[in-house]
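Residue-level structural notes
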Amino acid sequence: MYRKGHSFYQFSPKNIDFDNYCMLNYTSKLSDTNGENMKEEVISALARGTAFLLAQHCEDGNFEGELSSSTFPSCAYGWIQLARGETPEPALIEWFVENQNADGGWGLDTANISNVEATRFVHLILDQIHQRAPDPSLEKLLVSIPKFAPHLALVKLADAAFDQFDWNALTLSENALPLMKLARQLTKIPFLGSRLKPPRHRLPPVALFNTAMFDALFIAEQHTLVPVFILIELNTAKRPEMIAALVAWLKTHVLSDGSWFRVNYITALSVLALIELQEKWEVDEKIAEFIERGIAWLHKTRNSDGGCREALNLNVWDTALSIIALTEVQAAVPENAELAAKVKSAAQWLVKHQNADGGWAFSGLDDSTLPSDADDTALGTLALIRSRRVDGLTGHQTLDDAIHRGIAWLKTQQSRDGSWSTYQPGQGDVGCVSITAHAIEALLAFRKIDGVDKSDMESEMQRGINWLRRHIHRDGYWRDLWLAKDTYGTACAITALVKAGLKNVAEIQRGVEWLERSQNGDGGWGEDMFGNPTESTVEQTAWSTYALLQVNPENRAAQNGIKFLRKHQREDGSWREQCVGIYWEIIGGYADPIYASVFPILALNQFAQTSA
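These notes cover the structure that comes with them.

Parameters at a glance
- Each chain carries its own residue numbering, running from 1 in the direction its sequence is written.
- The predicted nature of this model means local features are confined to residues of pLDDT at least 70 and side-chain atom pairs, given and counted, to a pLDDT of 80 or more, with totals for whole chains, interfaces and linings taken over all residues.
- Only hydrogens and water are set aside; all other atoms, that is, all heavy atoms of the structure, feed into the side-chain values.
- Just to be clear on terms, a salt bridge is a Lys or Arg side-chain nitrogen sitting within 4 Å of an Asp or Glu carboxyl oxygen.
- In this description a helix means any DSSP run of H or I spanning at least four residues, a strand means any run of E spanning at least two, and both kinds are numbered starting from the N terminus.
- Think of it in three bands: with a 1.4 Å probe and only protein chains considered, a residue is buried below 20% of the maximum accessible area for its type, exposed above 50%, and partly exposed in between.
- Detection works on a 1 Å grid of protein atoms alone, calling trapped sets that fit a 1.4 Å probe cavities and calling open sets with protein on both sides within 12 Å along at least five of seven lines pockets, with lining residues defined by an atom within 4 Å of a point.
- Grid points are joined across faces, edges and corners, and a volume is the space filled by probe spheres set on the points.
- Under the grouping applied here, Gly and all other residues not named as nonpolar or charged are polar, the nonpolar ones being Ala, Val, Leu, Ile, Met, Phe, Trp, Tyr, Cys and Pro and the charged ones Asp, Glu, Lys and Arg.
- To obtain an axis, a line is fitted to C-alpha atoms, over the contacting stretch when the element is a helix, and the angle between two such axes runs from 0 to 180 degrees between their N-to-C directions.
- For any pair of crossing helices, the crossing counts as left-handed if the nearer helix is rotated counterclockwise from the farther one by less than a right angle, and right-handed if it is rotated clockwise.
- A contact between two residues is defined here by any heavy atoms of the two lying within 4.5 Å.
- DSSP bridges decide pairing: two strands pair if at least two such bridges lie between them.
- Between 30 and 60 degrees the pair is tilted, below 30 it is stacked and above 60 it is edge-to-face, where a pair is any two Phe, Tyr or Trp rings, Trp via its six-membered ring, whose centres lie within 6.5 Å.
- Charge assignment in this entry is limited to Lys and Arg as positive and Asp and Glu as negative, and neither His nor the chain termini are counted.
- Contacts described as polar in this section are N or O atom pairs within 3.5 Å, which, within protein, must combine one atom able to donate a hydrogen with one able to accept it, while residues neighboring in sequence count only if both atoms come from side chains.

Quick look at the pattern of salt bridges
Taken as a whole and assessed by the stated rule, the structure comprises 18 salt bridges. Residue D284 is joined to K251 by a salt bridge in which the shortest nitrogen-to-oxygen separation is 2.5 Å. Of this pair, D284 sits in the loop between α13 (264-280) and α14 (286-299) while K251 sits in helix α12 (residues 240-252), and the two are 33 residues apart along the sequence. D284 gets classed as partly exposed once you look at its relative accessible area, which sits at 31%. The partly exposed category is assigned to K251, whose relative accessible area is 28%. For the salt bridge of R576 with E535, the shortest nitrogen-to-oxygen distance reads 4.0 Å. Highlighted residues: R576 in the loop between α24 (556-567) and β5 (581-584) and E535 in strand β4 (residues 533-537), separated in sequence by 41 residues. Residue classification places R576 among the partly exposed positions, given a relative accessible area of 46%. Classification of E535 by relative accessible area gives exposed; the value is 55%.

Written as structure tokens, this is what we have:
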């Protein structure tokens, strides 16, 4: 996929032109307490990091990191093979063996903190494999796995599929629907919204389907529940009209590439539902085609380590982030032709993969079947605006049209409270700190384009800014929905507010103080998907450092963050990716090597430009 052996001569560590940097705002020489030339070290690290990122440029024009394998999608892949009467291949079994922790359990993701549900799921799959093909080593492994009582409904679903749990006990009673409706109303009350959570040990009744409550669910929840409802209905009430309606929904929501929502676990559940339908119901001949296409797509989520990743890719976000990082560096070295060529190619790829409605989905398809979301649209639009800095792209009509369409989509998707949510406001969605911050940045950048009516977006930006300022936690951080977690939300909020000209507001000072208090002793930052402190990661250190530098280039915590990034850079210019991406808290997160390049590049470049 990637072009290996790429030679980026102008940014090669051996050929880096420090004089050129010195001519372009990189003129001062700062020394740290050890007397070393910190500025030159940062420039060297930035050059090597940029060269590595450019080498990840794909032939199609995009940037795309291979997401890490995780437990739930790997189990789901094995479940499908077992459902088809096959024995999962040795590489998948070996992945489970290699990723077992010393306590006998498995984690949700690359952080690999043992998790009860992940451990139960792996035990179920390995036990079924052993029953089909007895193996002494597998039997020994099974003995080492701790036993836990069933709790999570989605794992109980797998138990039921292998006759180890009662199908009728999976869901709440249909009599619970009025209470569910009441609970949904109560969640709109700010004080209760964060405290009322749907039960995880039971699934909603199948009768939820085709109700207003179902229509108001978050889009990923809808895609998860429909195949689950099919499985339950086929094994319980067997109502023909309900099965027909559920299957019709599933058919109309399959994407052009054969997946559902381009997500492993959702696609796996959909394929499993259709396999069950094929075995227990009268079906048309197209069902077999849906199954085979879905399985073929799932096979693409296999990684070289034998496991499966949750999403096929996040290439829109990866490409947009890469453009943003590269254009920041390109501003200091405008004569670098190869960097400019990569940015142009990536921008053209983004334009090609813009949805018909003007937004972008998280993964690029040519036919707009994957819905647009606000985060990818905000960053995609911002990336295209930034790419106009590159010679040959300014004034390009197709590019400018794509930018205007992206901004128009963003404006229509702002919630009444001023925030932006992931998909449709009010459709099971809530305002998100990082997405709102990215939307504000895109609107700010758009205002600077010549010929744009600068008064047209004042209302949208101000409402977004006001929402951000209101949603700071009393302890001084902003909590995000998608990446880990308080560091990312805080860094994004600070960056947006500073770029909006509000560097001196009280919320920024509180956010800075929180980041300073949260810094680890090694100079980095780290937390898990729930906001609990962990060892430092490159990604969290980079975005925290970048935000602090936006406020004060001489911030001591930020300078320690820069030292951490320098210390942990590999010889080839890369940094080790760690689990900071969050798809779904039940399933876990992912690591993306693109993140481990773009965020350090942004931080190092910010330091190099502002420490003069």
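Re empty space enclosed by the protein
Applying the stated criterion to the full structure yields three cavities of 30 Å³ or more. Each pocket or cavity is described by its volume, and for the largest cavity that value is around 360 Å³. For the lining of the largest cavity, the elements supplying multiple residues, two or more each, are α17 (374-387), α19 (433-447) and β5. Looking at side-chain class alone, the lining of the largest cavity contains 17 nonpolar, two polar and four charged residues.

Overview of the packing of helix α2 (residues 38-55) against helix α25 (residues 595-610)
In the contact formed by α2 and α25, the axes pass within 9 Å of each other and the chain directions differ by 150°. Viewed along their axes, α2 and α25 form a crossing whose handedness is left-handed. Note on element contacts: α25 touches α2 through S597, V598, I601, L604, N605, F607 and A608, opposite M38, K39, V42, A45, L46, G49, T50, F52 and L53.

A look at the pairing of β4
The side chains of a regular strand alternate between both faces of the sheet. Sheet topology places strand β3 (residues 525-527) next to β4; two bridges connect them, and they run antiparallel. Looking at the pairing, E527 lines up with P533 of β4. Joining the antiparallel neighbours β3 and β4 is a turn of five residues, in which G531 adopts a positive phi near 90°.

Comments concerning the packing of aromatic side chains
Under the defined criterion, the tally for this structure stands at 18 aromatic pairs. Relative to F121, the ring of W79 lies with its centre 6.3 Å away and its plane at 80°, an arrangement referred to as edge-to-face. In this pair, W79 sits in helix α3 (residues 71-83) while F121 sits in helix α5 (residues 116-132), placing the two residues 42 residues apart along the sequence. Per residue, the accessibility class of W79 equals that of F121, and both read buried.

Structural notes on the side chain of D375
Relative to the helices and strands, D375 is located in helix α17. It turns out D375 is buried and unbridged, and the closest side chain with the opposite charge, K485, is 13 Å from it. Side-chain polar atoms of D375 contact the side chain of W317, separated by 3.3 Å. When neighbours within four sequence positions are excluded, D375 is seen to be in contact with W317, I435 and H438.

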